[in-house]
Amino acid sequence: MSAALLIDILLWGSVFGVGLIAFRRGPPVFRASLREGSMDFINIVPRIALGVIGSGYIAAIIPQEVITGWLGPDSGWLGVATAVVAGAATPGGPVIGFSIGTVALKSGGGVPQVVAYVVAWALFAFQRVILWEIPFMPARFVWFRCAVSVPFPFLAAAIAMVIGKP
């Protein structure tokens, strides 16, 4: 069984499970959840399409030599550090962050470097910290959270190096 098939089974199983829970809570809850889920799906599909198309443009613009030089498997820890900075500086949501990571992998980027990029993006994307976290949480807490999170992309890259290519 491939990993993709297992992930599909888990995702669709969770959708079915949540749908069953909503159905057991009554027809009004089931209809409302079906309506909200459908609207979420309708809202996310254009974002996914734009992210995939946008990552294709990014792949066309950035020369492959740049990606393999800065984020390639032979770039080592300097490549991991570069990926952490790039991940933190990447604006946008998961559609953009993961699409750029996929483009980097397909263009010759190393697995540890791309893992560090995605983890850094997920933990402390600058625009998200500035636009969302600081206005809603105390700045001291946000900066502490970011400082504590700094080792995690490096740790994830180290684990990827030890494990090898997934």
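Residues numbered from 1 in each chain as written. Predicted model: local features only at pLDDT ≥ 70, side-chain atom pairs only at ≥ 80, totals over all residues. Heavy atoms only, no water.

**Focus on the nonpolar core**
Within the largest apolar cluster, 17 residues are counted, with the highest numbers of intra-cluster contacts made by Val 80, Ala 83, Val 84, Ala 116, Phe 124, Val 129 and Cys 146. Secondary-structure elements contributing two or more residues to this core are helix H3 (64-71), helix H4 (76-89), helix H6 (111-124) and helix H8 (139-149). Counting residues per element, this core draws most heavily on H6, which supplies six residues. Aside from chain neighbours lying at most four places away, what touches Val 80 is Gln 113, Ala 116, Phe 154, Ala 157 and Met 161. (Core = buried A, V, L, I, M, F, W, Y, C linked by side-chain atoms within 4.5 Å. Buried < 20%, exposed > 50% of the residue type's maximum accessible area, 1.4 Å probe, protein only. Helix = DSSP H or I, 4+ residues; strand = E, 2+ residues; numbered from the N terminus. Contact = heavy atoms within 4.5 Å.)

**Some points on the packing of aromatic side chains**
Under the counting rule described, the total for this entry stands at three aromatic pairs. Centroid distance Phe 98 to Trp 121: 5.7 Å. Interplanar angle 65°. Geometry classified as edge-to-face. Of this pair, Phe 98 sits in helix H5 (residues 94-106) while Trp 121 is found in helix H6, placing the two residues 23 residues apart along the sequence. Taking the relative accessible area as the measure of exposure, Trp 121 reaches 6% and is therefore buried. Look at Trp 132 and Phe 136: their rings are 6.1 Å apart centre to centre, the planes differ by 20°, and that puts the pair in the stacked class. In this pair, Trp 132 and Phe 136 are both assigned in helix H7 (residues 126-136), four residues apart and thus about one turn of the helix distant. Comparing Trp 132 with Phe 136 shows no difference in burial state: the two are exposed. (Phe/Tyr/Trp six-rings, centres within 6.5 Å; stacked < 30°, edge-to-face > 60°.)

**Points about the side chain of Ser 107**
Locating Ser 107 in the fold gives a position in the loop between H5 and H6. Relative accessible area serves as the criterion here: at 13%, Ser 107 is assigned to the buried category.

**Concerning the pattern of salt bridges**
According to the stated counting rule, one finds one salt bridge in the structure shown. Ionic pairing is found between Arg 145 and Glu 133, a salt bridge with its closest N-O pair at 2.8 Å. With Arg 145 in helix H8 and Glu 133 in helix H7, this residue pair connects regions lying twelve residues apart in the sequence. (Salt bridge = Lys/Arg side-chain N within 4 Å of Asp/Glu carboxyl O.)

**A closer look at the side chain of Glu 133**
Taking relative accessible area as the criterion, Glu 133 reaches 12% and is therefore assigned buried. Glu 133 has contacts with Arg 128, Val 142 and Arg 145, leaving out every residue within four places of it along the chain.

**Structural notes on H8**
Among the residues making up H8, those that are buried are Val 142, Cys 146 and Ser 149. Axial view of H8: buried residues confined to an arc of 65°, hence all on one face. Away from the buried face of H8 by more than 90 degrees, exposed residues Arg 140 and Phe 144 are located. (Arc of directions from axis to C-beta.)

**Digging into H4**
The α-helix advances 3.6 residues per turn, and as a result positions three or four apart in sequence lie on the same side. Along its 14 residues, H4 runs 20 Å from first to last C-alpha, staying within 8% of the 20 Å computed at 1.5 Å per residue. Considered for burial, the residues of H4 that qualify are Gly 79, Val 80, Ala 83, Val 84, Gly 87 and Ala 88. Buried residues along H4 sit in contact with H3, H6, H7 and helix H9 (151-163). (Expected span 1.5 Å × (residues − 1).)

**Remarks on the environment of Thr 102**
As for its placement among the helices and strands, Thr 102 is situated in helix H5. In this structure Thr 102 comes out as partly exposed when scored by relative accessible area, which is 37%. Residues Thr 102 and Val 52 lie 50 residues apart in sequence; the distance between their C-alpha atoms is 9.8 Å.

Interpretation note: all reported values are geometric properties and have no functional meaning in isolation.
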